[in-house]
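If you want the building blocks of each chain, they are given just below.
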Amino acid sequence: MRSLLLLLLAGAVVCGKKSEMGRMAQSLRGCCSGNSDVDVAKLLDAANGYCKTLEGFGRFVGPSVANVRGCMEKVTTARAELQAQTRKKLKTIKELLQLERESHQPGGVLADPSAAMGLLWLRRALEYWADVFEQQAEALGRRQRSGRAVLTLAAQCESSYKRLVEPFHGWVSRRAFGIALGLTPDWSDVRERAGLSESDEALRQELTSVVTATRELCGRLRKLHVKLDLEDRRKSI
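**A word on the packing of aromatic side chains**
- Within the structure shown, the criterion is met by eight aromatic pairs.
- Measuring from centroid to centroid gives 6.2 Å for F57 and W129, while their planes differ by 85°, and the two rings are edge-to-face. Of this pair, F57 sits in the loop between α3 (40–55) and α4 (62–86) while W129 is found in helix α6 (residues 115–146), placing the two residues 72 residues apart along the sequence. Here F57 matches W129 in class, with each residue buried.

**What to know about the layout of surface pockets**
- In this structure, the largest pocket occupies an estimated 710 Å³ of space.
- If you trace the largest pocket, you find 31 residues lining it, with P63, N67, W121, H169 and S173 closest to the centre.
- For the lining of the largest pocket, the secondary structure elements donating two or more residues are α4, α6, α7 (153–164) and α8 (171–182).
- Here the residues of the lining of the largest pocket are counted per class, giving 17 nonpolar, eight polar and six charged.

**Overview of the nonpolar core**
- Counting residues in hydrophobic clusters, the biggest one holds 66 residues, and the most contacted among them are L43, F57, I93, W129 and F133.
- Dropping the residues within four chain positions of it, I93 is found in contact with D37, V38, V40, L43, L119, L221 and L224.

**Regarding the pattern of salt bridges**
- If you walk through the whole model with that rule in mind, you get 14 salt bridges.
- Between R222 and E127 there is a salt bridge, with the nearest N and O atoms lying 2.9 Å from each other. Residue R222 is found in helix α10 (residues 200–227), and its partner E127 is found in helix α6; the two are separated by 95 residues along the sequence.
- Note that D200 and R143 form a salt bridge whose closest N and O atoms lie 2.7 Å from each other.

**Details of the confidence of the model for the protein**
- With 93% of its residues at a pLDDT of 70 or more, the protein shows a mean pLDDT of 91.
- Note that residues 1–16 has pLDDT below 50 and, in this model, zero contacts with residues that lie over four places away or in other chains.

**Some words on the side chain of R124**
- Checked against the element boundaries, R124 lands in helix α6.
- Buried charged residue R124 carries no salt bridge. Nearest counter-charge: E231, at 4.6 Å.
- At a separation of 2.8 Å, a polar atom in the side chain of R124 contacts the main-chain carbonyl oxygen of D232.
- Not counting residues within four places of it along the chain, the set of residues in contact with R124 comprises V165, F168, D232 and R233.

Definitions and cut-offs
Residues numbered from 1 in each chain as written. Predicted model: local features only at pLDDT ≥ 70, side-chain atom pairs only at ≥ 80, totals over all residues. Heavy atoms only, no water. Phe/Tyr/Trp six-rings, centres within 6.5 Å; stacked < 30°, edge-to-face > 60°. Helix = DSSP H or I, 4+ residues; strand = E, 2+ residues; numbered from the N terminus. Buried < 20%, exposed > 50% of the residue type's maximum accessible area, 1.4 Å probe, protein only. 1 Å grid on protein atoms, 1.4 Å probe; cavity = no way out; pocket = protein on both sides within 12 Å on 5 of 7 lines; lining within 4 Å. Points joined across faces, edges and corners; volume = space filled by probe spheres on them. Nonpolar A, V, L, I, M, F, W, Y, C, P; charged D, E, K, R; others polar. Core = buried A, V, L, I, M, F, W, Y, C linked by side-chain atoms within 4.5 Å. Contact = heavy atoms within 4.5 Å. Salt bridge = Lys/Arg side-chain N within 4 Å of Asp/Glu carboxyl O. pLDDT = per-residue confidence, 0-100. Lys, Arg positive; Asp, Glu negative; His and termini not counted. Polar contact = N/O pair within 3.5 Å; in protein donor to acceptor, adjacent residues only side chain to side chain.

What follows is the structure, given as structure tokens:
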């Protein structure tokens, strides 16, 4: 009887343990403040955790992680400077962008570095990975139903990039992505290296959870940028 009880308790601990993707989804959901705003500190913390999880995927995510960390630095620096000038805490993205708005030109021409520029490219990175994760979640579902083969991670990354990021990338950025794409491993390698769920159904649910949380967060960030005329559509280098 005692052995059975210990086994059940051990199972409860295992079942209660959050996966990497589960923690990612939770931290992204926690960023949303009120009905339409985003908490700055929680967003930066979530982005940091996001980077740590992605780093477990392998070397090919290096440029993406470096970009996100650079974006976080722009937001952190701009916020600190504005806090010092105004003596306001600037807890939300809306407060931060409203105060910084005068630093930018009409028509969404953003100063760089700035919080607005950092948040713009942070959002694009999150949307890119959400799209990759959504493709894999759908593929895992199809494989469970019909046994159909899943697209390679490289093919998924390329598809997401062409639709969501490439329109805003110049020649240098496009070339950097091409180099990273050539290093992209198989999903099986990523799952083992990053310690993702071994079960297809468990991973499908976790990826879907991250996608849902990301879409809610990025939808809020996008609306704030558009409303404040901060949606810069120029290409990078």
